[in-house]
Amino acid sequence: MRKCTKYLAAIAVVIVGLAAPVLVTAQPAQKYTPRLADIMSAVQFRHLKLWTAGQLQNWELTAYELEQVKGGLTEAISFYTNIPVENVGMIDPPITSLDKSIAAKNGAGFKKAFNELTAGCNACHQSIGRGFIVMTVPAVSPFSNQSFSQGHGSGKGNPPR
């Protein structure tokens, strides 16, 4: 009787193992939607990096970080359709000004446009009842693990040491 029980147990394990992929694929796929707070935290992170790169006039990195800010805001609008687009539109003029100042490598224009972007973020937060989230112009960079200076290679990373 013991041998029979062992064989039955082995057969049960094989059947369950073979059925597992079928059971997994039979379940409907759930689409992951990041939380709005997580998306906006990433935008805040990029806001800080944008400022730091702009302060050092690393225009290539500044342009990249601005694209990341835009991408994050686009994600927020696409995932959270209850955010009025006109509220997010408050930052369109500063983003356009940032694009222009970065292309022109204009430090003074960048600072002015960045201040306007920051004010636009705060105006949007106010308009959706999140006025307690207040963005500011960064005072220091916490990124001790990244160089924001220009001339560190061809964009392919630093050479190995």
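Residues numbered from 1 in each chain as written. Predicted model: local features only at pLDDT ≥ 70, side-chain atom pairs only at ≥ 80, totals over all residues. Heavy atoms only, no water.

The next subject is the overall build of the protein chain. Looking only at helices and strands, the protein chain has 6 helices and 0 strands in total. Each helix (α) and strand (β) of the protein chain, taken in turn from the N terminus, gives the series α-α-α-α-α-α. Across the 161 residues of the protein chain, 29% fall into the buried class. In the protein chain, once contacts between residues fewer than 6 apart in sequence are set aside, the share between residues at least 24 apart is 66%. Looking at the protein chain as shown, the accessible area adds up to about 11,100 Å², and 60% of this sits on carbon and sulfur atoms. (Helix = DSSP H or I, 4+ residues; strand = E, 2+ residues; numbered from the N terminus. Buried < 20%, exposed > 50% of the residue type's maximum accessible area, 1.4 Å probe, protein only. Contact = heavy atoms within 4.5 Å. Areas by Shrake-Rupley, 256 points an atom, 1.4 Å probe, with all protein chains shown as cover.)

Once that is clear, we can look at helix H2 (residues 36-55). The end-to-end C-alpha distance of H2 is 28 Å, a good match for the 28 Å that 20 residues give at a rise of 1.5 Å each. Once H2 finishes, Gln57 follows within two positions and takes phi at roughly 55°, a positive value. (Expected span 1.5 Å × (residues − 1).)

With that settled, consider the pattern of salt bridges. Applying the stated rule across the entire model yields 5 salt bridges. The residue Arg46 makes a salt bridge to Glu65 at a minimum N-O spacing of 2.9 Å. Here Arg46 is found in helix H2, whereas its partner Glu65 is found in helix H3 (residues 59-79), with 19 residues between them in sequence. The pair Arg46 / Glu65 is uniform in exposure class, with both members buried. When the shortest N-O distance is used, the salt bridge between Glu116 and Lys112 registers 2.6 Å. With Glu116 and Lys112 both in helix H6 (residues 107-127) and 4 residues apart, the pair spans about one turn of that helix. Overall, Glu116 belongs to the partly exposed group, its relative accessible area being 30%. One connected set of salt bridges, linked through shared partners, spans Arg46, Lys49 and Glu65. (Salt bridge = Lys/Arg side-chain N within 4 Å of Asp/Glu carboxyl O.)

Turning our attention to the confidence of the model for the protein chain. In low-pLDDT regions, the fine details of the predicted coordinates are not to be read closely. Summing up the model confidence of the protein chain, the mean pLDDT is 83 and the portion of residues at 70 or higher is 76%. Low pLDDT, under 50, characterises residues 154-161; the predicted model gives this stretch 2 contacts beyond four residues in sequence or across chains. (pLDDT = per-residue confidence, 0-100.)

At their nearest, the axes of helix H5 (residues 92-103) and H6 sit 8 Å apart, and the two run at 160° to each other. Classed by the angle they form, the pair H5 and H6 counts as roughly antiparallel. As for how H5 packs across H6, the hand of that crossing is left-handed. In contact with Pro94, Ile95, Ser97, Leu98, Ser101 and Ile102 of H5, H6 contributes Gly109, Phe110, Ala113, Phe114, Glu116 and Leu117. Here the residues of the contact of H5 with H6 sort into 8 nonpolar, 3 polar and 1 charged. (Axes fitted to C-alpha atoms, helices over the stretch in contact; angles between N-to-C directions. Parallel < 35°, antiparallel > 145°, perpendicular 65-115°, else oblique. Left-handed = near helix turned anticlockwise from the far one by under 90°. Nonpolar A, V, L, I, M, F, W, Y, C, P; charged D, E, K, R; others polar.)

Below, the discussion takes up the packing of aromatic side chains. On inspection of all chains with the given rule, the structure shows 6 aromatic pairs. Arranged with centres 6.0 Å apart and planes meeting at 70°, the rings of Trp59 and Phe110 form a pair that is edge-to-face. Note that Trp59 is positioned in helix H3 and Phe110 in helix H6, a separation of 51 residues in sequence. Pair check on accessibility: Trp59 and Phe110 agree, each one buried. Here the aromatic cluster, defined as three or more aromatic residues joined through ring pairs, consists of Trp51, Trp59, Phe110 and Phe114. Note that Lys49 overlies the ring of Phe143, its terminal NZ or CZ placed 5.5 Å from the centroid. (Phe/Tyr/Trp six-rings, centres within 6.5 Å; stacked < 30°, edge-to-face > 60°. Lys NZ or Arg CZ within 6 Å of the ring centre and 35° of its normal.)

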